[in-house]
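Descriptive structure summary
If you want the building blocks of each chain, they are given just below.
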Amino acid sequence: MVETNNLIIEEEGAKPLHHVDVPFERATFGMGCFWGIDSLFGATQGILRTRVGYSGGTTSNPVYKDLGDHTEVIEIHYDPKRISYSQLLELFWNNHEYGLCTKIKRQYASLIIYHTEEQKKIAEQSLELERENRAPEEITTEILPCDIFYPAEDYHQKYRLQSHKELTKSLGIDSRLLQTSHVAARLNGYLVGVGGVGQYLKEADSLGLTEDQKEYVRKFVEENEGGGLFC
């Protein structure tokens, strides 16, 4: 057993649930700064994996300090048997940090990128309904077909989780797992209170955490439940 400042890590114990073999569909959204929405979707039930990056533009190989005409987006892998695309759109419409009804620089634009014609149809219908509901406000959201997704730099992936350095280390999170790990996506949301204590406790045993890791995360879920997500 290794003791750190904030977390006791059992060297042998449960194995973090990084990989889940479940049929999935993709969804991609731009909703402002991608740190907050990575947490929001990561701990939403039915979400399997998340990663943040840049898309929607034409500039080759964008990076954070030189995005060109791309937008910050999140790519979500979700289980369609547990959450529908329409339910994801409800989260999209109601959780923008900024940019939904105010024109803003391209980096933080409101954007739906569809992966199938069915997603396009649902997104267009959803947009029309939102326009009616929010009138006279003018929605700025664009709907675009899927193109190249450029993953963001490592320090942007699971940003909230990575602020807990010892926990991240104890989970064995590396550069690849920052983009693919199931448990990383879940904890990135739970640590800032998404889902709440009740949901976390129902799921904690299935995430492959040690008792010390579970208790460490629980304290932060309890402390941050109901708080803000935004950057």
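Up top is the structure these notes are about.
Residues numbered from 1 in each chain as written. Predicted model: local features only at pLDDT ≥ 70, side-chain atom pairs only at ≥ 80, totals over all residues. Heavy atoms only, no water.

1. Here we look at the sheet that holds strand 7 (residues 142-145)
- One open sheet accounts for six strands, arranged 7-6-3-5-4-8; its pairing is mixed. Of all strands in the sheet, those with a lone pairing partner are strand 7 and strand 8 (150-151), marking the two edges.
- Summarising the sheet, strand 4 (residues 47-55) and strand 8 pair through two bridges and their orientation is antiparallel. Note on strand 8: the bridge partner recorded for Gly-53 is Pro-151.
- Along the sheet, helix 3 (residues 117-134) makes contact with strand 3 (25-31), strand 5 (71-78), strand 6 (110-114) and strand 7, crossing strand 6 at roughly 150 degrees. (Pairing = 2+ DSSP bridges. Helix = DSSP H or I, 4+ residues; strand = E, 2+ residues; numbered from the N terminus. Contact = heavy atoms within 4.5 Å. Axes fitted to C-alpha atoms, helices over the stretch in contact; angles between N-to-C directions.)

2. Observations regarding the state of the cysteines
- Inspection of the entire model under this criterion finds zero disulfides.
- Distance from the sulfur of Cys-101, which forms no disulfide, to the nearest cysteine sulfur (Cys-33) is 19 Å.
- For Cys-101, a relative accessible area of 25% corresponds to the partly exposed category. (Disulfide = S-S within 2.5 Å. Buried < 20%, exposed > 50% of the residue type's maximum accessible area, 1.4 Å probe, protein only.)

3. Quick word on the environment of Asp-21
- Along the chain, the position of Asp-21 falls in the loop between strand 2 (8-9) and strand 3.
- Residues Asp-21 and Gln-213, spaced 192 residues apart in sequence, show a C-alpha to C-alpha distance of 23 Å.

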